[in-house]
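Coordinate inspection notes
Here are the chains, one letter per residue:
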Amino acid sequence: TSGADYTIIGIPFDIRTTYRPGTRFGPDGILRAFSTDSVNEAVGIDTSKYVKGVDYGNLDMWNAEKAYLGSIPQEMKAILETGTIPIVLGGDHSITFPELLAYKDVYGPVSIIHFDSHTDTWGSDTDKEHHDHSTPFRRAIEYDCIDPKTSIQVGMRGGLFEESDFGFANNAGLEHIYAVDIHHMGIEKTAELIREKVGNNKVMVTFDIDFVDPAFAPGTGTPVSCGFTSRQALELIRHSLIGLDIVGFDLVEVAPNYDAGGITSILACRIVKEFITCVACKKAGIKEYAKKGMIENV
Ligand code: MN
Ligand code: MN
């Protein structure tokens, strides 16, 4: 991965999901839907002119239980130390915690931008050694992997519980933006809030596909209605992320066995392409998304 601007890594891990499993097939499902085009017409950039990436393949999950706090953080740290920007394909959302252990080792506590319908800050009723896909960001705060005050969670809706979702996290300074508020204030205003929050800090972006409405992304384990269209999701990524100092991404909770016609994997590929676009814009010195697109620049 040394010399690669970005590295695509599969973590086919789904033993810490709380409802329907199947995200172990996420990385392969997403890559099957991949196309080799490199022009992002909405941003007006041919990413291949600025960045090169490698496909690292899947991390070995033969003994997934041991890998969780063993080979996942170790291997992620070794990858990060080569200077590349990881784009991890999950896997259930519990994998973001061992990823963040690696980021902490390399960069110290980072800021996160967390797109999800859930806060994933549960786990008040368990010890700190317990990890599932509802606990990664509580544990990330407890283990000082992230700076909650310069981090933000975006898209929460439905199934929310006061202490699990907002008690601990809010006390630590981690803010969230409800889906309903995004629907009212719009994508550009939301992006401004996100950018203000993380500022110039090093950022890890974690995107749970259930941020998107199940009408557009049914292939996931814990879908929640009243989410975002594909278009809104992609626009929010462009408006909020381009120009930030992003050190890594993950895209989790894609479960192809619940998908319909592969639409979730197709969207996931487009999200990865937007992530690659962010890496390319960083290298090209583009500081923010030009609102009308820059198709003439391609
Ligand atoms: Mn999640
Ligand atoms: Mn979720």
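Residues numbered from 1 in each chain as written. Chains lettered and ligands numbered in written order. Predicted model: local features only at pLDDT ≥ 70, side-chain atom pairs only at ≥ 80, totals over all residues. Heavy atoms only, no water.

**Description of the coordination of the manganese ion (ligand 2)**
Ligation of the manganese ion (ligand 2) by protein atoms is provided by Asp 116 (OD), His 118 (ND1), Asp 208 (OD), Asp 210 (OD) and Asp 210 (OD), these donors lying 2.1 to 2.5 Å from the ion. Linear spacing of the donor residues for the manganese ion (ligand 2) on their chain is D-x1-H-x89-D-x1-D. Separating the manganese ion (ligand 2) and the manganese ion (ligand 1) is a distance of 3.3 Å, and Asp 116 donates to both of them. We note that Asp 208, like Asp 210, is buried. (Donors = N, O, S within 2.8 Å, 3.2 Å for Na, K, Ca; no water. Buried < 20%, exposed > 50% of the residue type's maximum accessible area, 1.4 Å probe, protein only.)

**Observations concerning the sheet that holds strand E9 (residues 202–208)**
Taken together, the eight strands give an open sheet; going across it, the order is E4-E1-E5-E10-E9-E6-E7-E8, and neighbouring strands pair in parallel fashion. Every interior strand has two partners, whereas the edge strands, strand E4 (53–58) and strand E8 (175–178), have only one. Geometrically, the sheet is characterised by an average inter-axis angle of 15 degrees between neighbouring strands, direction not taken into account. In the sheet, strand E6 (residues 111–115) pairs with strand E7 (residues 152–156) via three bridges, with the strands oriented parallel. Bridge pairing in E7 places Ile 113 opposite Ile 152. The strands that helix H10 (residues 263–284) touches are strand E1 (6–11), strand E5 (85–90), E9 and strand E10 (245–252); relative to E10, the one it contacts most, it runs at about 175 degrees. (Pairing = 2+ DSSP bridges. Helix = DSSP H or I, 4+ residues; strand = E, 2+ residues; numbered from the N terminus. Axes fitted to C-alpha atoms, helices over the stretch in contact; angles between N-to-C directions. Contact = heavy atoms within 4.5 Å.)

**Details of the side chain of Thr 277**
Mapped onto the secondary structure, Thr 277 falls in helix H10. Of the polar contacts made by the side chain of Thr 277, one reaches the side chain of Asn 40; its length is 2.9 Å. A distance of 2.8 Å separates a polar side-chain atom of Thr 277 from the backbone oxygen of Lys 273. (Polar contact = N/O pair within 3.5 Å; in protein donor to acceptor, adjacent residues only side chain to side chain.)

**Observations regarding the packing of aromatic side chains**
Ring pairs (aromatic) are described by centroid distance and by the angle formed between their planes. Evaluation of the coordinates by the stated rule reveals 10 aromatic pairs. Considering the side-chain rings of Phe 97 and Tyr 143, the 5.2 Å spacing of their centres and the 65 degrees angle between planes classify their relative orientation as edge-to-face. Of the two residues, Phe 97 sits in helix H4 (residues 96–107) while Tyr 143 sits in the loop between helix H5 (136–142) and E7, which places them 46 residues apart along the sequence. With a relative accessible area of 1%, Phe 97 lands in the buried category. Judged by centre distance (4.4 Å) and plane angle (20 degrees), the rings of Phe 249 and Phe 275 are stacked. Of this pair, Phe 249 sits in strand E10 while Phe 275 sits in helix H10, and the two are 26 residues apart along the sequence. On the basis of relative accessibility, which here comes to 1%, the residue Phe 249 falls in the buried class. A relative accessible area of 0% means that Phe 275 is categorised as buried. Through a chain of ring-to-ring contacts, three or more aromatic side chains come together here, namely Phe 115, Phe 207, Phe 211 and Phe 228. Arg 16 extends its terminal NZ or CZ atom over the ring of Tyr 68, reaching a point 4.3 Å from the ring centre. (Phe/Tyr/Trp six-rings, centres within 6.5 Å; stacked < 30°, edge-to-face > 60°. Lys NZ or Arg CZ within 6 Å of the ring centre and 35° of its normal.)

**Concerning the packing of helix H9 (residues 230–241) against H10**
In a pair of packed helices, the angle between the axes and the distance between the axes together describe the arrangement. Where H9 contacts H10, the two axes come as close as 10 Å, and the packing angle between them is 15 degrees. It follows that H9 is roughly parallel to H10 by the angle criterion. In the packing of H9 onto H10, the handedness of the crossing is right-handed. Of H10, the residues touching H9 (which contributes Ser 230, Leu 234, Ile 237, Arg 238 and Leu 241) are Leu 267, Arg 270, Ile 271, Glu 274, Phe 275 and Cys 278. A class-by-class count of the residues in the contact of H9 with H10 yields seven nonpolar, one polar and three charged. (Parallel < 35°, antiparallel > 145°, perpendicular 65-115°, else oblique. Left-handed = near helix turned anticlockwise from the far one by under 90°. Nonpolar A, V, L, I, M, F, W, Y, C, P; charged D, E, K, R; others polar.)

**Quick word on the pairing of E10**
Counting buried positions along E10 gives seven out of eight residues, so the element sits mostly inside the fold. Here E5 pairs with E10 via three bridges, running parallel. Bridge pairing in E10 links Leu 89 to Leu 251. Here seven bridges tie E9 to E10, and the two strands are oriented parallel to one another. When the bridges of E10 are listed, Thr 206 appears paired with Asp 250. In this fold, E9 hands off to H9, which returns the chain to E10; that crossover is right-handed. (Right-handed = clockwise from strand over helix to strand, strands pointing away.)

**Overview of the pattern of salt bridges**
Per the stated rule, a full pass over the model turns up 16 salt bridges. In this structure, the salt-bridge partner of Glu 235 is Arg 231, at a minimum N-O distance of 3.3 Å. Of this pair, Glu 235 and Arg 231 both sit in helix H9, four residues apart, which is roughly one turn of the helix. Classification of Glu 235 by relative accessible area gives partly exposed; the value is 26%. For Arg 231, a relative accessible area of 61% translates into the label exposed. By sharing partners, the salt bridges in this structure join Glu 41, Arg 238, Arg 270 and Glu 274 into a single network. (Salt bridge = Lys/Arg side-chain N within 4 Å of Asp/Glu carboxyl O.)

As far as function goes, none of this settles anything; it's purely spatial.
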